[in-house]
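# Chains, contacts and geometry: an overview
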Amino acid sequence: MDSPPNALVTGASSGIGRATAIELARRGFRVFAAARREDALAELAESMPGIVAVAMDVSDPESVDRAWAKIQADTGGSGVDVLVNNAGFALAGPIETLAAGRLERQFGTNVFGMLSLIRTVLPAMRARGTGRIVNISSVVGRVTFPGMGGYGATKYAVEAISDALRLEVAPFGIDVVLIEPSFVATAIGASADALEVVPSPADDAYRELIARGRDYMTAQVAKGISADRVATAIADAATRRNPRPRYLVPGSAMALVAVLTALPDRLADRVKLRAIGAR
Ligand SMILES: NC(=O)c1ccc[n+]([C@@H]2O[C@H](COP(=O)([O-])OP(=O)(O)OC[C@H]3O[C@@H](n4cnc5c(N)ncnc54)[C@H](OP(=O)(O)O)[C@@H]3O)[C@@H](O)[C@H]2O)c1
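All values derive from a computational prediction rather than experimental measurement. (Residues numbered from 1 in each chain as written. Predicted model: local features only at pLDDT ≥ 70, side-chain atom pairs only at ≥ 80, totals over all residues. Heavy atoms only, no water.)

Moving on, we come to helix α5 (residues 149-169). Here α5 contains 21 residues, and its C-alpha end-to-end distance of 30 Å stays within 8% of the 30 Å for a straight helix at 1.5 Å per residue. Considered for burial, the residues of α5 that qualify are G150, Y151, G152, T154, K155, A157, V158, E159, S162, L165 and V169. Considering only its buried residues, α5 is in contact with α4 (100-128), β5 (131-136), β6 (174-181) and β7 (246-249). (Helix = DSSP H or I, 4+ residues; strand = E, 2+ residues; numbered from the N terminus. Expected span 1.5 Å × (residues − 1). Buried < 20%, exposed > 50% of the residue type's maximum accessible area, 1.4 Å probe, protein only. Contact = heavy atoms within 4.5 Å.)

The subject of this paragraph is the site of the ligand. In the region of the ligand, 29 residues are neighbours, and S13, R36, Y151, V184 and T186 sit closest. R36 is positioned such that a nitrogen or oxygen atom in its side chain is 2.7 Å from an oxygen atom of the ligand. Between the ligand and the protein, one listed contact pairs a nitrogen atom with a backbone N or O atom of V58 at 2.9 Å. In the complex, the protein chains occlude 96% of the 870 Å² of accessible area that the ligand would expose alone. Only α1 (15-26) and α5 provide two or more residues apiece to the shell around the ligand. For the shell around the ligand, a count of residues per class yields 13 nonpolar, 12 polar and 4 charged. (Near = heavy atom within 4 Å. Polar contact = N/O pair within 3.5 Å; in protein donor to acceptor, adjacent residues only side chain to side chain. Areas by Shrake-Rupley, 256 points an atom, 1.4 Å probe, with all protein chains shown as cover. Nonpolar A, V, L, I, M, F, W, Y, C, P; charged D, E, K, R; others polar.)

To continue, consider the environment of R212. By secondary structure assignment, the location of R212 is in helix α7 (residues 207-222). In sequence terms R212 and I276 are 64 residues apart; their C-alpha atoms lie 6.4 Å from each other. Beyond its immediate chain neighbours, meaning those up to four positions away, R212 contacts I276, G277 and A278. Among the polar contacts made by the side chain of R212, one reaches the main-chain carbonyl oxygen of G277 at a distance of 2.9 Å.

Summed over the entire model, instances satisfying the criterion amount to 1 aromatic pair. Sitting over the ring of F172, R126 keeps its end group 5.7 Å from the ring centre. (Phe/Tyr/Trp six-rings, centres within 6.5 Å; stacked < 30°, edge-to-face > 60°. Lys NZ or Arg CZ within 6 Å of the ring centre and 35° of its normal.)

Under the counting rule described, the total for this entry stands at 16 salt bridges. Here E159 makes a salt bridge to R246, at a shortest N to O gap of 2.7 Å. In this pair, E159 sits in helix α5 while R246 sits in strand β7, placing the two residues 87 residues apart along the sequence. Judged by relative accessible area, which is 5%, E159 ranks as buried. Residues D163 and R246 are paired through a salt bridge, measuring 3.1 Å at the closest nitrogen-oxygen approach. With D163 in helix α5 and R246 in strand β7, this residue pair connects regions lying 83 residues apart in the sequence. Classification of D163 by relative accessible area gives partly exposed; the value is 25%. When its relative accessible area of 24% is taken as the criterion, R246 is described as partly exposed. Each of R142, E159, D163, R166, E180 and R246 takes part in a single network of salt bridges with overlapping partners. (Salt bridge = Lys/Arg side-chain N within 4 Å of Asp/Glu carboxyl O.)

Take the nonpolar core next. In this structure, L24, V31, I51, V84, I179, V230 and I234 are the most contacted members of the largest nonpolar core, which totals 35 residues. Top element by residues in this core is helix α8 (residues 227-239). It accounts for 8 residues. Contacts of V230, omitting those with residues within four sequence positions, involve I16, I179, P181, V184, I225 and V249. (Core = buried A, V, L, I, M, F, W, Y, C linked by side-chain atoms within 4.5 Å.)

This part takes up the environment of L256. Residue placement: L256 occurs in helix α9 (residues 253-262). Among the residues examined, L256 registers a relative accessible area of 40% and is labelled partly exposed. For the pair L256 and A192, spaced 64 residues apart in the sequence, the C-alpha separation amounts to 30 Å.

Here we come to the packing of α1 against helix α2 (residues 38-47). One way to put it is that α1 packs onto α2 with a least axis distance of 11 Å and a crossing angle of 25°. Of the possible angle classes, the one that applies to α1 and α2 is roughly parallel. Here the hand of the crossing between α1 and α2 comes out right-handed. Here α1 contributes R18, A21 and I22 to the contact with α2, which in turn contributes E43, L44 and S47. Here the contact of α1 with α2 is composed, by residue class, of 3 nonpolar, 1 polar and 2 charged. (Axes fitted to C-alpha atoms, helices over the stretch in contact; angles between N-to-C directions. Parallel < 35°, antiparallel > 145°, perpendicular 65-115°, else oblique. Left-handed = near helix turned anticlockwise from the far one by under 90°.)

Turning our attention to the side chain of T120. Among the structural elements, T120 can be located in helix α4. Classification of T120 by relative accessible area gives buried; the value is 16%. Look past the residues within four positions of T120 in its chain and what remains in contact with it is V64 and W68.

Strand order in this open sheet of 7 strands is β3-β2-β1-β4-β5-β6-β7, and the pairing throughout is parallel. Single-partner strands in this sheet number two, and they are β3 (51-55) and β7. Strand-to-strand twist in this sheet, taken as the mean axis angle between neighbours without regard to direction, amounts to 20°. Packed on one face of the sheet, α5 meets β5, β6 and β7 and runs near 160° to β6. (Pairing = 2+ DSSP bridges.)

The quantities given are spatial measurements derived from coordinates; they are silent on function.
Written out as structure tokens, the structure is:
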């Protein structure tokens, strides 16, 4: 009997990553589910056959190396067929209030973590002449909003890296696909990385924007689409014969992106401010 295809999903201890691990396992993959919270991963692996828990902090190259050694031992050195770069968190706040260390951690997870995984899986994918990398961006990787500039910058980086990588690795039979979810009802707003409070001398000056931005984000995430819906889109992108380079999820988010990118900048600015209830 053929062995099942292998997938590695980062950020699989909750939200979109957890739902994706389950969906890929349902579709016959052996899924290496990676994250820092080992108890949540152990519970996931016990609840679903085909899922293997892997402790990994994507922002720590040594942790990535340790996890990869385990995966290579389990796959007989053949690596994974699919990598889903999903681990991430969303730093909120006006640019001036974001302490340098916080922005560095934001990039360390969402961008440098993703790059570390890409560099890790590619040699085995190139050797086999096949593979798929699915990078989780966001609508915020296409249009940015006040109070989300730090997070948006990481997702713009994910987009740029993916667009370049897609062309670089195509000759090796490897596809790169972007998934751009709109708001999704997950615990993203409650992540410890996002909530870490570092007071800034500028906080007072932006008090109203901070409050409105927080209320807007909380409300939108609460009424967002389900993680299962995004997981289905990710699993489709991971398995479709000829995937598109990017998928907005839901597809209806296309209208928002199209309008905001087509409007003159000043007009788009007014729409964005009105959307979050600020002036
Ligand atoms: N929710 C939304 O509205 C939305 C919209 C668009 C895009 N996204 C993107 O979707 C992805 C998943 O977010 P989510 O909404 O599912 O949030 P979530 O429920 O908070 O899940 C985030 C996952 O990332 C993991 N993670 C964070 N830092 C990590 C690190 N250094 N190393 C390894 N794993 C790490 C977390 O696990 P541990 O804490 O156990 O490590 C957790 O499993 C993110 O890239 C996010 O930017 C979310």
